Amino acid sequence: MFENDNKISDLIQKIPLIPDTLRNILEVVKSQNASIQKISAIIESNKETEKIFLEIINSKYFSLGQEIKSVQKAIVLLGVMRAKNVILVVSIYSLYLKYNHKECFIHSLKCAMTAKILSEQNGIIEPNDAFLLGLLHDIGKIIIYEDSSLDIQKIQQNNDEFNIVEFENNNF
């Protein structure tokens, strides 16, 4: 038992850091002096984040009826909380892409959208919180992917019947 506890502690130490852009957005949003200008400046400070943010805003999901070229205009149209969620999506997407697991990200995004819809229908939890929980529900997989000694990607490629849940139960 203690051997697994130590292994889990070691893996937790490897959790990727929250990207600076997301950390800065979260700090500004929870402060009393959050402004659209401050949030847009943070997003615009990272060109890759800005590019993906605008691509998502201009996707069919948001159906804004016009192409949005300005981060500031996007935030005005979406609102601060929805813009924060988009940045969260961009950040989580980059973590999953680091390990070539776009399908895991897509699954998490679908869970996030489903959780938000269910929350809006039943009112048990705030919809933005439900979205966040759905998006992050599989984030522990990043810890497993971070542990190169496990080489999950190689195991998955060589075994069509690989089951991540069974693997987690056997190893942790």
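Refer to the structure above for everything that follows.
The text that follows walks through the structure, step by step, so that each part is easy to find. Because the structure is predicted, anything quoted here is derived from the model rather than measured. Position numbers for residues count from 1 along each chain, tracking the sequence in the order it is written. Confidence filtering applies because this is a predicted model: local features only for residues at pLDDT of at least 70, side-chain atom pairs given and counted only at 80 or more, and all residues used for totals across whole chains, interfaces and linings. The side-chain numbers reported here are obtained from all heavy atoms of the structure, hydrogens and water having been left aside.

1. Focus: the side chain of glutamate 50
Where we set the bar: What counts as a helix is a DSSP run of H or I of at least four residues, what counts as a strand is a run of E of at least two, and both are numbered from the N terminus. Distance and chemistry together define a polar contact, namely a pair of N or O atoms within 3.5 Å, with one atom able to donate a hydrogen and the other to accept it when in protein, and with adjacent residues in sequence counting only for side-chain atoms on both sides. We call two residues in contact whenever any of their non-hydrogen atoms come within 4.5 Å of each other.
Here glutamate 50 lies in helix 4 (residues 47-57). A polar contact is formed between the side chain of glutamate 50 and the side chain of lysine 47, at a distance of 3.1 Å. What glutamate 50 contacts, discounting residues up to four positions off in sequence, is Ile43, Glu44 and Val71.

2. Examining the packing of aromatic side chains
The line we're drawing: For this analysis, a ring pair means two rings from Phe, Tyr or Trp (six-membered ring only for Trp) whose centres lie within 6.5 Å, classed as stacked if their planes differ by under 30 degrees, edge-to-face if by over 60, and tilted for the remaining angles.
One pass over the structure, following the stated rule, counts two aromatic pairs. Measuring from ring centre to ring centre gives 4.9 Å for tyrosine 61 and phenylalanine 62, while their planes differ by 85 degrees; the resulting arrangement is edge-to-face. Geometrically, the ring pair formed by tyrosine 93 and phenylalanine 105 is edge-to-face, given 4.9 Å between the ring centres and 65 degrees between the ring planes. One end of the pair, tyrosine 93, is in helix 6 (residues 80-98); the other, phenylalanine 105, is in helix 7 (residues 102-122), and 12 residues separate them in sequence.

3. Some details on the layout of surface pockets
Here is the rule we go by: Buried and open spaces are told apart on a 1 Å grid over the protein atoms alone, a cavity being a set of points where a 1.4 Å probe fits but cannot get out and a pocket being an open set with protein on both sides within 12 Å along at least five of seven lines. Residues with an atom within 4 Å of a point are the lining residues. Grid points are joined across faces, edges and corners, and a volume is the space filled by probe spheres set on the points. Side-chain classes are defined by residue name, with Ala, Val, Leu, Ile, Met, Phe, Trp, Tyr, Cys and Pro counting as nonpolar, Asp, Glu, Lys and Arg as charged, and the others, Gly among them, as polar.
Taken as a whole, the largest pocket encloses approximately 400 Å³ of empty space. What lines the largest pocket is a set of 17 residues, among which Ile56, Tyr61, Phe62, Val89 and Leu109 lie closest to the centre. Of all elements in the fold, only helix 4, helix 6, helix 7 and helix 8 (127-136) reach the threshold of two or more residues within the lining of the largest pocket. Broken down by class, the residue content of the lining of the largest pocket amounts to 11 nonpolar, three polar and three charged.

4. Observations concerning helix 8
Note the following rule: Summary of the burial criterion: residues with accessible area below 20% of their type's maximum are buried, those above 50% are exposed, and those between are partly exposed, where the area comes from a 1.4 Å probe applied to protein chains only. The arc in question is the one traced by the directions running from the helix axis out to the C-beta atoms.
Buried within helix 8 we find Asn128, Ala130, Phe131, Gly134 and Leu135. For helix 8, the angular spread of buried residues about the axis comes to 160 degrees, placing them on one side. Packing partners of the buried residues in helix 8 comprise helix 6 and helix 7. By the N-cap criterion, in which a side-chain oxygen at the helix start approaches the backbone nitrogen of a residue two or three places on, helix 8 is capped by glutamate 126, the distance to asparagine 128 being 2.9 Å.

5. Looking at a nonpolar patch on the surface
Defined as follows: A patch consists of residues whose relative accessible area exceeds 30% and which take part in no salt bridge; residues with like charges are grouped when within 9 Å of each other, and nonpolar side chains (Val, Leu, Ile, Met, Phe, Trp, Tyr) when within 5 Å. Accessibility throughout is a Shrake-Rupley quantity obtained with a 1.4 Å probe, and a residue counts as covered only by protein chains that appear here. A side-chain nitrogen of Lys or Arg and a carboxyl oxygen of Asp or Glu constitute a salt bridge if their distance falls within 4 Å.
Taken together, the side chains of Ile124, Ile125 and Leu133 make up a nonpolar region of the molecular surface, amounting to roughly 310 Å² of accessible area. Considering the arrangement of structural elements, one finds isoleucine 125 in the loop between helix 7 and helix 8. Isoleucine 125 sits in the partly exposed class, given a relative accessible area of 32%.

6. As for the pattern of salt bridges
With the rule as written, the count across this model stands at three salt bridges. A salt bridge links glutamate 50 to lysine 47; its shortest N-O distance comes to 3.1 Å. Taken together, the residues glutamate 50 and lysine 47, both in helix 4 and three residues apart, mark about one turn of the helix. The shortest N-O distance in the salt bridge between lysine 116 and glutamate 120 comes to 2.8 Å. Here the residue lysine 116 and the residue glutamate 120 both occupy positions in helix 7, the gap between them amounting to four residues, near one helical turn.

7. Overview of the environment of glycine 79
Within the element layout of this structure, glycine 79 appears in the loop between helix 5 (71-78) and helix 6. When the C-alpha atoms of glycine 79 and isoleucine 36 are compared, they prove to be 8.9 Å apart, with 43 residues separating the residues in sequence.

The quantities given are spatial measurements derived from coordinates; they are silent on function.
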